[in-house]
Amino acid sequence: MSEIISSDNLRKLAAEWIEQGVRVAAPQHAGGRVLYLPLKNSADLLLDAFIHPANSAKEFLFPKSETLYAYRVEGQDVKLVEAPGTETPQVLLGVRPCDAAAFPILDHIFNWDCADELYNRRRRNTTIVVLACSAHDANCFCTSVGLGPASERGADVLLVPLTNDTFEVRSVTEKGRSLFAGKTQTDNVAAMAAAGPEPRFAPDAVRKFSAANFEHPIWGEHALACVGCGACAHTCPTCHCFDIVDEHGERVRNWDSCQFSLFTLHASGHNPRPDQGSRQRQRILHKFSIYPDKFGEILCTGCGNCTRNCPAGLGVLPLLIAIEHEEHLPA
Amino acid sequence: MKNIYQPDLMEVAAVQRHTADVKSVKVRFRDADCAQQFQFRVGQFGIFSSFGYGESVFNICSSSTWSDGLEFCFRKTGRVTEALWEIEEGDTIGFRGPYGNGYPVEAWKGKNLIFLGGGIAMPPIRCAIWYALENRADYGDITIVYGARTVADLVYVNELAEWSKRERVRVIQCVDPGGETPNWTGEIGFVPTVFERAQVAAENSVALVIGPPIMIKNTMPVLDRMGLPRASVYTSLENRMKCGVGKCGRCNCGPVYVCKEGPVFTMEELAALPQDY
């Protein structure tokens, strides 16, 4: 037996959550694009006819800009003011499996050795309702990194399209089950997950190559077209590098990117990553070698956003394919 | 649960100007419990902040054997250090830390210590020198070679003079050719050359080498020729950091997060890492 919900009832449910004061974020049309945005009106909820929003869902757990704490300078004294903690429950509705899978991967970095409570608090208060994919584009490569169009990783609930306007509701966690309790109908049909993209490369080959070829022409060649804009990192579900700066009486953490020249610039003027090639190399190494070495998981969910959003058509996929080709060349 | 990014407040107890653009600052915790509980190892660093300007990473350059506050030293080079340059006694700054691994002072027991530093690299060596002097019986001969571009760029000159009066301590100061003054009594030359001329014995020694990359690069062949194994040569990396707690993603040197697994490495360990520092 399976649990079923119609798109109308799903919208009604979203409207109920909004009514109850739950923050809901979901894919919506915005300025000719699809974006994950706070959902104000459940009619705006997009449930089909998009591959992947131009942004990622990470910003609802790890905001672009976040106050760490505030302070008041009073003469020679300083008063620290704790950032207002939000315990507001949040539902990420209709996020793609490649966005949901990023959260258990990010849990490692925000919790090794010392816990980042700002991230953890949002994580605890968030329920993730994943919408399985029914199509993919040329930039998708989830199947190359162990995921797929109906992957449950990181999901509390998985919605799998059944017909044009119904979804099978698969509860993955207790949190997800209670969110949909009493809101579904039972039926004896089961939804079929769509086929994913053909695997494009083997992560192990990339790991092996990048560990052994810190100096290799491929990094510089690939980076020639890179303009260093950081769109890859900022639209990536797993990129989590940040800066800490002072803004208007607050200490704030803002997203940063290894693609920026200032990222590693020493006070002396020396920069260990002086060119775009070494910065592209860092991004591949971090995702496919450093993170797996440290936490046992690839820092990539194959969403393809880095290529989709790159003004030069780069992103990791073309480089990963080139690396695998290089790795398989006869020595 | 504690916000790991929130600093403790410290009061400026003293400011010392060393050169035209280098100052050191002594600070004490405003909170008595913080002061009571605070412990660190020499070689660790802190993240110091000027409220309204931001945070900067500096080595804690006082000895861990001193119980009255802590000290840091900086060169005026950017937004935060420009602001720190203006602080006065009684002002409040922020401190997070201590972070990083520190020097293996326990493993150095019974060894002769060779300290080689250039320019603004004296503060992170100074804490280890004072630590060794305060635990004098634990360590053998101490050799300090410290150089700067000009006489006016040397920092902690009073302490260099004080150390040279201590037992079994040899202090050699040098300035780059052209950086001397008419009454300069130290050596003229670069740290690697001056150090080689000093004929220091490698036997049962460890070396701590901190300075600009070019100084470290040219010092390594000298240490190799002396016969000091690279596993006995230590340095402290200066990779840019923001969080200090292994999250912000910029200080890594290959698979190693310098803020957590460093900043102190042996040259043997560094040789196994990619050239990302």
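Before reading on, note that the structure itself is shown above.
Residues numbered from 1 in each chain as written. Chains lettered and ligands numbered in written order. Predicted model: local features only at pLDDT ≥ 70, side-chain atom pairs only at ≥ 80, totals over all residues. Heavy atoms only, no water.

**Let's talk about the pairing of strand β4 (residues 65-74) of chain A**
Residue and element names in this part refer to chain A. As defined by bridge partners, β4 adjoins strand β12 (residues 250-255) across five bridges and the pair is classed as antiparallel. Across the sheet, residue Ala70 finds its bridge partner in β12, namely Glu250. As judged from the six bridges shared by β4 and strand β5 (residues 77-82), these two strands associate in the antiparallel manner. Paired with Ala70 across the strands is Val81, a residue of β5. (Pairing = 2+ DSSP bridges. Helix = DSSP H or I, 4+ residues; strand = E, 2+ residues; numbered from the N terminus.)

**Observations concerning the sheet that holds strand β8 (residues 142-148) of chain B**
To summarise the sheet geometry, strands pair through backbone hydrogen bonds and adopt either a parallel or an antiparallel arrangement. Residues and elements named next belong to chain B. Within the open sheet, the seven strands sit side by side as β10-β9-β8-β7-β11-β12-β15. Their pairing is mixed. Only two strands of the sheet have a single partner each, and these edge strands are β10 (187-188) and β15 (264-266). By the bridge criterion, six bridges tie strand β7 (residues 112-118) to β8 in an arrangement that is parallel. Counted as the bridge partner of Gly118 is Gly147 from β8. Taken strand by strand, helix α4 (residues 157-164) contacts β8 and β9 (169-175), and its axis lies near 145° from that of β9. Relative to strand β11 (residues 205-210), helix α6 (residues 213-226) is tilted by about 165°, and along the sheet it contacts β7, β11 and β12 (233-236). (Contact = heavy atoms within 4.5 Å. Axes fitted to C-alpha atoms, helices over the stretch in contact; angles between N-to-C directions.)

**Description of the interface of chain B and chain A**
Between chain B and chain A, the contact holds 45 residues from the first and 43 residues from the second. Between chain B and chain A lies a buried interface of about 3,800 Å² when both sides are counted; carbon and sulfur atoms form 54% of it. Ranking the residues of chain B by area buried against chain A places B:Tyr5, B:Lys247 and B:Arg250 at the top, with a combined share of 18%. Our enumeration of links across chain B and chain A arrives at seven salt bridges. Inspection of the chain B/chain A interface yields 30 residue pairs in polar contact (both at pLDDT 80 or more). The set of elements that each furnish at least two residues to the side of chain B that touches chain A consists of β3 (45-50), β4 (54-59), β6 (92-99) and α7 (258-261) of chain B. Looking at the side of chain B that touches chain A residue by residue, the classes come out as 14 nonpolar, 15 polar and 16 charged. (Buried area = accessible area lost by both parts, 1.4 Å probe. Salt bridge = Lys/Arg side-chain N within 4 Å of Asp/Glu carboxyl O. Polar contact = N/O pair within 3.5 Å; in protein donor to acceptor, adjacent residues only side chain to side chain. Nonpolar A, V, L, I, M, F, W, Y, C, P; charged D, E, K, R; others polar.)

**Some points on the packing of aromatic side chains**
For the structure on display, the rule yields 29 aromatic pairs over all chains. Taken together, the ring pairs in this structure connect B:Phe29, B:Phe38, B:Phe40, B:Phe48, B:Phe58, B:Phe72, B:Phe74, B:Trp85 and B:Phe95 into an aromatic cluster. Directly above the ring of A:Phe214 sits A:Arg281, whose terminal nitrogen or CZ lies 3.6 Å from the centroid. We note B:Lys260 situated over the ring of A:Trp112; from NZ or CZ to the ring centre the distance is 5.3 Å. (Phe/Tyr/Trp six-rings, centres within 6.5 Å; stacked < 30°, edge-to-face > 60°. Lys NZ or Arg CZ within 6 Å of the ring centre and 35° of its normal.)

Structural measurements only, silent on function.
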